[in-house]
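Examining the three-dimensional arrangement
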Amino acid sequence: MRYFLMVLGLVLLVSCNSGKKEVPGETQFQKDMNALFKDASKSPLTSNDLKKFEALDFFPFDSIYLVKATFIRTPESQPFRMKTTTDRMPEYVRYGVVSFELHGEKFQLNAYKGIEEEDDSRLFIPFLDDTNGEDTYGGGRYIDLDLPSDKNMMIDFNQAYNPYCVYNENYSCPIVPRENYLPVRVEAGLKKFSIN
């Protein structure tokens, strides 16, 4: 009897799961992004694109792009209005500078905090690199990071994502400041968006 119940339970489990399609993605970040974009209540996609959407296109995960960084706070920085893809000009402050090595070269990126944002524990790092316009969106990509408790932190470029205005022109997206250009190919994170 116990054996029969175990088999019955297994059959029910398999039959319940067989109707559900697994969310595509190599990493949890990729799965979370694909699930978000498939969710009509949260997706930035237009209704037409949402009907055809299967999955976002990512570079394969590469641990080379998970880099150790040093965070230096810039308390003297003054708030400024960041340009966006619309007339909106949100207020940001350059909160610090992150320094790291990638492909044997040393780089720096400015990390920003939105003045009007409620979550005070996050840093915003928009960046440009040499994949822009070819493999990735021409206007650059973004990374969100937790504010470190000391000067040491990790940056995972595998979690680089596109501005929402890539998917829908109704969004207003910060334009990446030119000083956040990395003269190297960052083959990690999200690629260009297209619906076939």
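Up top you'll find the structure we're talking about.
Residues numbered from 1 in each chain as written. Predicted model: local features only at pLDDT ≥ 70, side-chain atom pairs only at ≥ 80, totals over all residues. Heavy atoms only, no water.

**Some remarks on the packing of aromatic side chains**
Condition: The criterion for an aromatic pair is that two Phe, Tyr or Trp rings (for Trp, the six-membered ring) have centres within 6.5 Å, with stacked assigned to planes under 30 degrees apart, edge-to-face to planes over 60 apart and tilted to the rest. Buried means the residue's accessible area, taken with a 1.4 Å probe over protein chains only, is under 20% of the maximum for its type, while exposed means over 50%, and partly exposed covers the values in between. In this scheme, Lys NZ or Arg CZ marks a charge over a ring once it lies within 6 Å of the ring centre and within 35 degrees of the ring normal.
All told, the structure shown has 14 aromatic pairs when counted by the stated rule. Arranged with centres 5.1 Å apart and planes meeting at 80 degrees, the rings of tyrosine 164 and tyrosine 171 form a pair that is edge-to-face. With a relative accessible area of 27%, tyrosine 164 lands in the partly exposed category. Taken together, the aromatic side chains of Phe37, Phe53, Tyr164, Tyr167, Tyr171 and Phe193 make up a single cluster linked through ring pairs. Positioned over the ring face of tyrosine 95 is arginine 73, at 3.7 Å from the centre of the ring. We note lysine 113 situated over the ring of tyrosine 95; from NZ or CZ to the ring centre the distance is 5.2 Å.

**Re the layout of surface pockets**
Selection rule: The way it works is a 1 Å grid over only the protein atoms, where trapped points that fit a 1.4 Å probe form a cavity and open points with protein on both sides within 12 Å along at least five of seven lines form a pocket, and then any residue with an atom within 4 Å of a point lines it. Grid points are joined across faces, edges and corners, and a volume is the space filled by probe spheres set on the points. Ten residues, namely Ala, Val, Leu, Ile, Met, Phe, Trp, Tyr, Cys and Pro, are considered nonpolar, four, namely Asp, Glu, Lys and Arg, are considered charged, and the remaining ones, Gly among them, are considered polar.
The volume enclosed by the largest pocket comes to roughly 310 Å³. Lining the largest pocket are 15 residues, with Tyr142, Asp144, Tyr161, Pro163 and Tyr164 sitting closest to its centre. Along the lines of polarity and charge, the residues of the lining of the largest pocket split into 11 nonpolar, 2 polar and 2 charged.

**Concerning the environment of asparagine 34**
Threshold: Segments assigned H or I by DSSP are reported as helices when at least four residues long, segments assigned E as strands when at least two residues long, and all are numbered from the N terminus. Residues are treated as being in contact if the distance between any of their heavy atoms lies within 4.5 Å.
Topologically, asparagine 34 is positioned in helix H2 (residues 28-38). Under the relative-accessibility criterion, asparagine 34 is labelled buried at 2%. For the pair asparagine 34 and phenylalanine 53, spaced 19 residues apart in sequence, the C-alpha separation works out to 9.3 Å. Excluding residues within four positions of it along the chain, asparagine 34 makes contact with Val23, Pro24, Gly25, Phe53, Ala55, Leu56 and Phe58.

Note that all results are geometric; they support no functional claim without further evidence.
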